[in-house]
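Structural description and commentary
Given next are the chains, with one letter for each unit.
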Amino acid sequence: MYWHMYKNLMRLHIRILERLEETMAKRTWAKAQCHDQFLDKLVQQQTGNISLSDTNLQIDYAMAGLNLTPSDESTFILTGIPGLENTYVWIAIIFSMSYIITMLGNVTVLLVIGKDQTLHKPMYLLICMLALTDIAKSTSTLPKALCIFWFNLKSITVGGCLTQTFFLNTIGFTQSAILVAMAFDRYVAICNPLRYTTILTNARIAVLGLLSFIRSALFMLPLPLFLSKLSFCANRTIAHTHCENMAVAKLSCGDITVNSMYSLVVSFVVSGLDLMLIALSYGLIIKAVLRISSRKAHQKAFNTCTAHISVMLTIYTPGYLNSLTLRFVQSIAPHIQVIVANIYLLIPPMLNPIIYGVKTKELRDKMRKCTCRM
């Protein structure tokens, strides 16, 4: 009987060591000593036969004592909005309504501009590009968030998580580049109206859109590569509704300085350069408008730029607020951080088609006619 008990204890010990070796390969020597002490106590406390069918349960207890959790190394767990689990149904309704409005608004803009030949102009092609990025941004994050809220489907593969991170950041930087192109479009329309059709053609706008995406993809490609090289701890739980770069990086047991610095520098240098170009365009516009004495011309120029300025504020303000709170404000509650991040994903894609539909007279008239026909 004692020999049988001894063999079972040894088998249990070996199984525990095998499981712990997989999850603790990168652990420090201090934690390794903790695990040995715990195993010694575990063996000493056995007073009877140990059923090998309970081995997994014993291993889970051992890992709990070491502040570890059994996890699948091929997946992450997205928790949603921490602390607000009891209100997930209501949050899901808000997210669903926002997604429906976003899709309806942006798809309507695309259909109206696509069907009407008179709207096949550089300005409206840029609006189409912005609508496409809004649809892509919402579709890359909101369906997964709704799966968490509605169905408690929280797991996401590592590959899916890195892909989501890459496309989310790429789309954000592409939008920034499109806003620069829109500012240049407004500059040419106001300051050089006679040469507008020769300077900005549909083909050149298409090339600008493609270059905007390529630029963003090249700058964002290192981020998932850096994340894929990190060694993650046993706890793979992300307190977020989607895979945000820094939220994933903070799960690593190693040094994330390179990842953090690269994302920070790229974010502020690239978007900062875009903002400088936008400011330069509007500076030249203001200078040209002030030379004109006509009050009516001033009003017309202002109305021309209102939609672009409004869209720019809805995109940049929550974007910078999210980036700053995530990196520099440590005292803010986790659920507030997640809510701020989701405002950036929910509000701009929903408001952009409404802003352009209301502020752009030609587009507003075409949308009204299209609605009346339906």
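Report on the accompanying structure. (Residues numbered from 1 in each chain as written. Predicted model: local features only at pLDDT ≥ 70, side-chain atom pairs only at ≥ 80, totals over all residues. Heavy atoms only, no water.)

1. A closer look at the layout of surface pockets
Considered as a void within the structure, the largest pocket measures approximately 630 Å³ in volume. Looking at the largest pocket, it is lined by 22 residues, and the ones nearest its centre are Arg 186, Ala 189, Lys 300, Asn 303 and Thr 304. Looking at the lining of the largest pocket, the elements with two or more residues in it are α5 (122–151), α6 (158–191), α11 (257–290), α12 (295–328) and α14 (361–373). No other element matches the 6 residues that α12 contributes to the lining of the largest pocket. Grouping the constituent residues of the lining of the largest pocket by class yields 12 nonpolar, 3 polar and 7 charged. (1 Å grid on protein atoms, 1.4 Å probe; cavity = no way out; pocket = protein on both sides within 12 Å on 5 of 7 lines; lining within 4 Å. Points joined across faces, edges and corners; volume = space filled by probe spheres on them. Helix = DSSP H or I, 4+ residues; strand = E, 2+ residues; numbered from the N terminus. Nonpolar A, V, L, I, M, F, W, Y, C, P; charged D, E, K, R; others polar.)

2. Details of the packing of aromatic side chains
Two measures describe an aromatic ring pair: the distance that separates the ring centres and the angle between the ring planes. One pass over the full model with this rule turns up 8 aromatic pairs. When the centroid spacing of 5.2 Å and the interplanar angle of 70° are considered together, the rings of Phe 166 and Phe 167 count as edge-to-face. Overall, the relative accessible area of 15% leaves Phe 166 in the buried class. Centre to centre, the rings of Phe 268 and Tyr 320 are 5.7 Å apart; their planes meet at 55°, and the pair counts as tilted. Of this pair, Phe 268 sits in helix α11 while Tyr 320 sits in helix α12; the two residues are 52 residues apart in sequence, bridging distant segments of the chain. Look at Phe 268 and you get partly exposed, because its relative accessible area is 31%. Each residue in the set Tyr 88, Phe 95 and Phe 149 is aromatic and connected to the rest through ring pairs, giving one cluster. Geometry around Tyr 344 places Lys 137 over its ring, the cationic atom sitting 4.1 Å from the centre. (Phe/Tyr/Trp six-rings, centres within 6.5 Å; stacked < 30°, edge-to-face > 60°. Buried < 20%, exposed > 50% of the residue type's maximum accessible area, 1.4 Å probe, protein only. Lys NZ or Arg CZ within 6 Å of the ring centre and 35° of its normal.)

3. Focus on the nonpolar core
Ranked by size, the top nonpolar core spans 36 residues in total, and within it Ile 113, Ile 127, Leu 179, Met 182, Ile 278, Tyr 356 and Leu 363 carry the most contacts. Counting only elements with at least two residues in this core, the list comes to α4 (88–115), α5, α6, α11, α12, α13 (334–359) and α14. Contacts of Leu 363, omitting those with residues within four sequence positions, involve Val 112, Ile 113, Leu 119, Tyr 124, Tyr 356 and Gly 357. Core analysis: the next-biggest nonpolar cluster, separate from the first, contains 27 residues, Ile 156, Leu 227, Ile 238 and Val 248 among them. (Core = buried A, V, L, I, M, F, W, Y, C linked by side-chain atoms within 4.5 Å. Contact = heavy atoms within 4.5 Å.)

In short, the description is geometric, and any link to function would need to be established separately.
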